[in-house]
Amino acid sequence: DIKTGVGGGATVQKPDHSQLSESLNLLVQSHQVSLNHLLEFRQEVEGTVAALAAKNANKQDLAPLHELLRQARGLLRRAEANGDQLLKIDTKLHVGMAKISGNPVFVAVLRMVHENMLNRYDWLALKSNYALNSNFKDMEILMAAIENGYVDRARLLAQEHVRKCHQYAESK
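Here's a quick rundown of the structure. Model, not experiment: these values are computed from the prediction.

### Some thoughts on the overall build of the chain
Then, in step 1: A count of helices and strands for the chain gives 7 helices and 2 strands.
Then, in step 2: The helix and strand sequence of the chain, counted from the amino end, reads β-β-α-α-α-α-α-α-α.
Then, in step 3: Here the chain displays about 9,900 Å² of accessible surface, and carbon together with sulfur accounts for 52% of that area.

Have a look at this one:
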């Protein structure tokens, strides 16, 4: 964004995804984007992101994602796992995979979609212990596929993970 500065010169703001997020949020709020639209979009994009992450990942890339899985595992061991905290970790995992893909457009778009979904669809809080554990297991298996460079498997696992989350949402 380029604006006129106080002294008349141009000031340039670092671009971020906030304007894109606001636009998607308006589309979701005005019911022009449905849960099914998001499902279709996420299955394709997150499958591609996982495949690229499996192709590009190295141990250094994966270390922060393994730390996120460790944090999630710790939360799940508690008697009452916090769905909201686990959802934040899940979002960081998805965005982290996008970063590994090497494409900043995927990073911006997935961040936008996950933040808008959090704002619009409370179902993602995954309240039941079964849903929380199932989501975590999906992410562990997906991370193993990425770590081992299994491109096609990572794509399919990510798509299945998204489909399961949306099935859960529709059942609520």
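### Description of the environment of C165
Then, in step 1: Within the secondary structure, C165 sits in helix α7 (residues 151–171).
Then, in step 2: Considering only alpha carbons, one finds C165 and A131, 34 residues apart in sequence, at a separation of 8.7 Å.

### So, helix α6 (residues 129–147)
Then, in step 1: For α6, built from 19 residues, the straight-helix expectation of 27 Å at 1.5 Å per residue is met to within 8% by its first-to-last C-alpha distance of 27 Å.
Then, in step 2: Restricting attention to buried positions, one finds in α6 the residues A131, L132, S134, N135, F136, D138, M139, L142, M143, A145 and I146.
Then, in step 3: Once α6 finishes, G149 follows within two positions and takes phi at roughly 75 degrees, a positive value.

### Section: the layout of surface pockets
Then, in step 1: Each pocket or cavity is described by its volume, and for the largest pocket that value is around 200 Å³.
Then, in step 2: Lining the largest pocket we find D61, P64, L65, L68, T91, K92, V95, G96, K99, I100, R111 and E115.
Then, in step 3: Elements that contribute at least two residues to the lining of the largest pocket include exactly α3 (59–77), α4 (83–101) and α5 (104–120).
Then, in step 4: With 6 residues, the single largest contributor to the lining of the largest pocket is α4.

### Points about empty space enclosed by the protein
Then, in step 1: Counted by the stated rule, this structure contains 4 cavities of 30 Å³ or more.
Then, in step 2: Volume-wise, the largest cavity comes out at about 70 Å³.
Then, in step 3: The wall of the largest cavity is formed by A72, L86, I89, D90, L93, L132, N135, F136 and M139.
Then, in step 4: Among the secondary structure elements, those contributing two or more residues to the lining of the largest cavity are α4 and α6.

### Thoughts on α4
Then, in step 1: In a regular helix each residue adds 1.5 Å, so 19 residues correspond to 27 Å; α4 covers 27 Å between its end C-alpha atoms and thus fits that length.
Then, in step 2: Across the 19 residues of α4, 14 count as buried, placing the element largely inside the fold.
Then, in step 3: One or two residues past the end of α4 sits G102, with phi positive at roughly 85 degrees.

About the thresholds
- Residues numbered from 1 in each chain as written.
- Predicted model: local features only at pLDDT ≥ 70, side-chain atom pairs only at ≥ 80, totals over all residues.
- Heavy atoms only, no water.
- Helix = DSSP H or I, 4+ residues; strand = E, 2+ residues; numbered from the N terminus.
- Areas by Shrake-Rupley, 256 points an atom, 1.4 Å probe, with all protein chains shown as cover.
- Expected span 1.5 Å × (residues − 1).
- Buried < 20%, exposed > 50% of the residue type's maximum accessible area, 1.4 Å probe, protein only.
- 1 Å grid on protein atoms, 1.4 Å probe; cavity = no way out; pocket = protein on both sides within 12 Å on 5 of 7 lines; lining within 4 Å.
- Points joined across faces, edges and corners; volume = space filled by probe spheres on them.

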